[in-house]
Amino acid sequence: MERGVFTTLIEIFPPNFSIETAKEPLIGIKQKLRDTVARVRRISDLADAILVADMKDPARLQLASIYTAAILKDELGVEVIPVIPTRDMNRKAIRSMFLSCLSLGLESVSLVWGDRYAKGDGTKNVYDYRSLAQAVAESRALAERADVNATLFSPVDITALDGPKGLGIAEARLRAGSDVLLAQPPTSDLPRTLERHISLLEKNHLEKKVLHNIFPFR
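Quick notes on the rules
Residues numbered from 1 in each chain as written. Predicted model: local features only at pLDDT ≥ 70, side-chain atom pairs only at ≥ 80, totals over all residues. Heavy atoms only, no water. Axes fitted to C-alpha atoms, helices over the stretch in contact; angles between N-to-C directions. Helix = DSSP H or I, 4+ residues; strand = E, 2+ residues; numbered from the N terminus. Parallel < 35°, antiparallel > 145°, perpendicular 65-115°, else oblique. Left-handed = near helix turned anticlockwise from the far one by under 90°. Contact = heavy atoms within 4.5 Å. Nonpolar A, V, L, I, M, F, W, Y, C, P; charged D, E, K, R; others polar. Core = buried A, V, L, I, M, F, W, Y, C linked by side-chain atoms within 4.5 Å. Buried < 20%, exposed > 50% of the residue type's maximum accessible area, 1.4 Å probe, protein only. Pairing = 2+ DSSP bridges. Expected span 1.5 Å × (residues − 1). Arc of directions from axis to C-beta. Right-handed = clockwise from strand over helix to strand, strands pointing away.

**Digging into the packing of helix α1 (residues 29-43) against helix α2 (residues 65-76)**
Thought 1: It is at 10 Å that the axes of α1 and α2 come closest, and there the two elements cross at 55°. By the criterion of interaxial angle, the relationship of α1 to α2 is oblique. For the pair α1 and α2, the crossing hand works out as right-handed. In contact with Leu-33, Thr-36, Val-37, Val-40 and Arg-41 of α1, α2 contributes Tyr-67, Ile-71, Leu-72, Glu-75 and Leu-76.

**Points about the packing of helix α4 (residues 132-145) against helix α5 (residues 164-176)**
Thought 1: Remark: α4 packs on α5, axes separated minimally by 8 Å, with the N-to-C direction vectors making an angle of 15°. Taken together, the axes of α4 and α5 are roughly parallel relative to one another. Considering the relative orientation of α4 and α5, their crossing is right-handed. For the pair α4 and α5, the contacting residues are Leu-132, Ala-133, Val-136, Ala-137 and Arg-140 in the first and Ala-172, Arg-173 and Ala-176 in the second.
Thought 2: Across the contact of α4 with α5, the residue classes tally to six nonpolar, no polar and two charged.

**A look at the nonpolar core**
Thought 1: If you look at the biggest cluster of nonpolar residues, it comprises 33 residues, and the most contacted ones within it are Ile-50, Leu-72, Val-80, Ile-84, Phe-98 and Leu-106.
Thought 2: With six residues, α4 is the largest single contributor of residues to this core.
Thought 3: If sequence neighbours within four positions are ignored, Val-80 has contacts with Ile-50, Val-52, Ala-69, Leu-72, Lys-73, Leu-106 and Ser-108.
Thought 4: Of all hydrophobic cores here, the second largest spans twelve residues; its members include Leu-167, Leu-181, Ala-183 and Leu-201.

**A look at the sheet that holds strand β3 (residues 49-52)**
In a beta sheet, neighbouring strands pair by backbone hydrogen bonds and run either parallel or antiparallel.
Thought 1: One open sheet holds the seven strands; their spatial order is β1-β3-β5-β6-β7-β8-β9, and the pairing between them is parallel. Each of the sheet's edge strands pairs with one partner strand only, and the pair in question is β1 (9-12) and β9 (210-211).
Thought 2: Sheet analysis places strand β5 (residues 80-85) next to strand β6 (residues 108-112), joined by three bridges and oriented parallel. Across the sheet, the residue bridging to Pro-85 is Val-112, located in β6.
Thought 3: Across the sheet, α2 is in contact with β1, β3 and β5; its angle to β5 comes to roughly 175°.

**Quick look at unusual backbone geometry**
Thought 1: In this structure, Tyr-127 takes a positive phi of about 45° despite not being glycine.
Thought 2: You can call Tyr-127 buried: its relative accessible area is 12%.
Thought 3: Unusually for a residue other than glycine, Asp-147 sits at a positive phi of about 60°.
Thought 4: With respect to the helices and strands, the residue Asp-147 is situated in the loop between α4 and β7 (151-156).

**Remarks on α1**
Thought 1: The end-to-end C-alpha distance of α1, which contains 15 residues, comes to 22 Å, matching closely the 21 Å that a straight helix rising 1.5 Å per residue would cover.
Thought 2: When we look at burial in α1, the residues that qualify are Leu-33, Thr-36, Val-37 and Val-40. Seen along its axis, α1 keeps its buried residues to an arc of 95°; they face one direction.

**Topic: the pairing of strand β8 (residues 180-183)**
Thought 1: Neither face of β8 is left uncovered, since the one carrying Val-180 and Leu-182 and the one carrying Leu-181 and Ala-183 both have all their residues buried.
Thought 2: The pairing of β7 with β8 spans four bridges and is parallel. Looking at the pairing, Val-156 lines up with Ala-183 of β8.
Thought 3: Of the crossover connections in this fold, the one passing from β7 over α5 to the parallel β8 is right-handed.
Thought 4: Where β8 and β9 come together, two bridges link them in parallel fashion. Looking at β9, one finds that Leu-182 is bridged to Leu-211.

Such coordinate-based values are descriptive only and should not be taken to indicate function.
Written as structure tokens, this is what we have:
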């Protein structure tokens, strides 16, 4: 991106299953993992990297994003980026998760704040950091101590870049050590918003730091 080369990511979810036994009595975990590898194999040549997202849906069970990413990297030899949400773990767990990524050869990692769970979801919001920038800065320091030249991703709300608060958040994440900002929320009305978003990125000199997010891509 720094060289101005068009860069493409494809985002996938880890193998996941219904939490309700009545809907899915048998998980078939090994078969689902094989199916995921087979599906990604068919698209792996179309992207510079595969992003393994983390599902917020409390009604779904899922394999860990870093485990799925490690399997895909080992099986396919492609660049894979696991997502770690600060919403779900305390600092100790996130440090361990990040170092585990590096030890598995996953040197590109996406750190996200994560949308809050609703009160009735039965799942706790952790948020053990004051901000995502703080989590990014700590991860950058850990990567340097581990002597790994990691690439760190974090999200940005492009629509908020026209105000001081949104721009400040984006700049704080870059100063903390993020290499790339991935546009969130995803854009589903691209024909109407792309020109506006590009204008905001150029105005704030972020066109080489932000990856636009088109979803769903049909």
